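Okay, here's what each chain looks like letter by letter:
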Amino acid sequence: QVTLVESGGGLVQAGDSLRLSCVASLASGRIFSNYAMGWFRQAPGKERELVGAIARSGGSTYYGNSVKGRFTISRDMAKNTVYLQMNSLKTEDTAVYYCAADFASYIYYAPSLSAEYDYWGQGTQVTVSS
């Protein structure tokens, strides 16, 4: 069982940067490194899409094409936290950003599909103005 809480969203201007954080609260006996982690986003009128994913090992990552080169996903095993560093933000990045956890993925696999994830946070709003 995992509870995910996102933070760090807000209102920024195009070209600015933001760092989102997602803290995973684990049930007794659960280990953070047993979960691949991901960030997804959903804009009004659009489907939920992958932003970035990171494997259980922390060494393998995968990014959606629209954010590749601008966003970076990382995880801190000691803090049970996954981050999304967002640079060069565009108005098209405006969305609710969700953190997700996938239990028992292959250790070097960064899941790219929302259906692969078992747990989801409530989301944090990111709004980018021009």
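Note that the structure is predicted; figures quoted are calculated from it, not measured. (Residues numbered from 1 in each chain as written. Predicted model: local features only at pLDDT ≥ 70, side-chain atom pairs only at ≥ 80, totals over all residues. Heavy atoms only, no water.)

Visitor: Break down the sheet that holds strand 7 (residues 71–76) for me, citing the residues and quoting the values.
Guide: As a general point, the strands of a sheet are linked pairwise by backbone hydrogen bonds and lie either parallel or antiparallel. Read from one edge to the other, the open sheet built from four strands follows the order 1-3-8-7, with strand pairing classed as antiparallel. Sheet topology places strand 1 (2–7) and strand 7 at the edges, where each strand pairs with a single neighbour. Recorded for the sheet is a direction-independent mean angle of 15 degrees between the axes of neighbouring strands. (Pairing = 2+ DSSP bridges. Helix = DSSP H or I, 4+ residues; strand = E, 2+ residues; numbered from the N terminus. Axes fitted to C-alpha atoms, helices over the stretch in contact; angles between N-to-C directions.)

Visitor: I'd like to hear about the state of the cysteines, residue by residue, with values.
Guide: Within the structure shown, the criterion is met by one disulfide. Between the sulfur atoms of C22 and its disulfide partner C99 the distance amounts to 2.1 Å. In this structure, the disulfide formed by C22 and C99 twists by about -80 degrees around the S-S bond and is classed as left-handed. Of this pair, C22 sits in strand 3 (residues 18–26) while C99 sits in strand 9 (residues 95–103); the two residues are 77 residues apart in sequence, bridging distant segments of the chain. Using a relative accessible area of 0% as the deciding quantity, one classes C22 as buried. (Disulfide = S-S within 2.5 Å. Buried < 20%, exposed > 50% of the residue type's maximum accessible area, 1.4 Å probe, protein only.)

Visitor: Describe the nonpolar core, naming the residues involved and giving the relevant values.
Guide: In this structure, M37, W39, L84, M86 and Y97 are the most contacted members of the largest nonpolar core, which totals 28 residues. Secondary structure elements with two or more residues in this core: strand 1, strand 3, strand 4 (35–42), strand 5 (49–54), strand 7, strand 8 (81–86), strand 9 and strand 11 (124–129). Those residues in contact with M37 that sit more than four places away from it in its chain are L4, C22, F32, A53, I54, I73, R75, V82, C99, A100, A101 and Y117. Formed by six residues, the second largest nonpolar core is a distinct cluster that contains L50, A53, A110 and Y117. (Core = buried A, V, L, I, M, F, W, Y, C linked by side-chain atoms within 4.5 Å. Contact = heavy atoms within 4.5 Å.)

Visitor: Lay out the packing of aromatic side chains with the relevant residues and their values.
Guide: Two measures describe an aromatic ring pair: the distance that separates the ring centres and the angle between the ring planes. The tally for this structure, following the rule as stated, stands at five aromatic pairs. Ring geometry for Y35 and F103: centres 5.3 Å apart, planes at 50 degrees, overall tilted. Highlighted residues: Y35 in strand 4 and F103 in strand 9, separated in sequence by 68 residues. Accessibility expressed as a relative area gives 1% for Y35, which makes it buried. Through successive ring pairs, a cluster of aromatic residues spans Y35, F103 and Y119. Sitting above the plane of the F103 ring, R30 keeps its charged end 5.4 Å from the centroid. The ring of W120 has R48 sitting right over it, with the charged end atom 4.1 Å from the ring centre. (Phe/Tyr/Trp six-rings, centres within 6.5 Å; stacked < 30°, edge-to-face > 60°. Lys NZ or Arg CZ within 6 Å of the ring centre and 35° of its normal.)

Visitor: Now, about the pattern of salt bridges: what can you tell me, with residues and values included?
Guide: In this structure the tally under the stated criterion is three salt bridges. Note that E49 is salt-bridged to R41, the shortest N-O span being 2.7 Å. Across the salt bridge formed by R70 and D93, the nearest N and O atoms sit 2.8 Å from each other. Of this pair, R70 sits in the loop between strand 6 (61–63) and strand 7 while D93 sits in the loop between strand 8 and strand 9, placing them 23 residues apart in sequence. Exposure remark for R70: the relative accessible area of 11% places this residue in the buried category. Look at D93 and you get buried, because its relative accessible area is 1%. Three or more residues joined by partner-sharing salt bridges are found here, namely R41, E49, R70 and D93. (Salt bridge = Lys/Arg side-chain N within 4 Å of Asp/Glu carboxyl O.)

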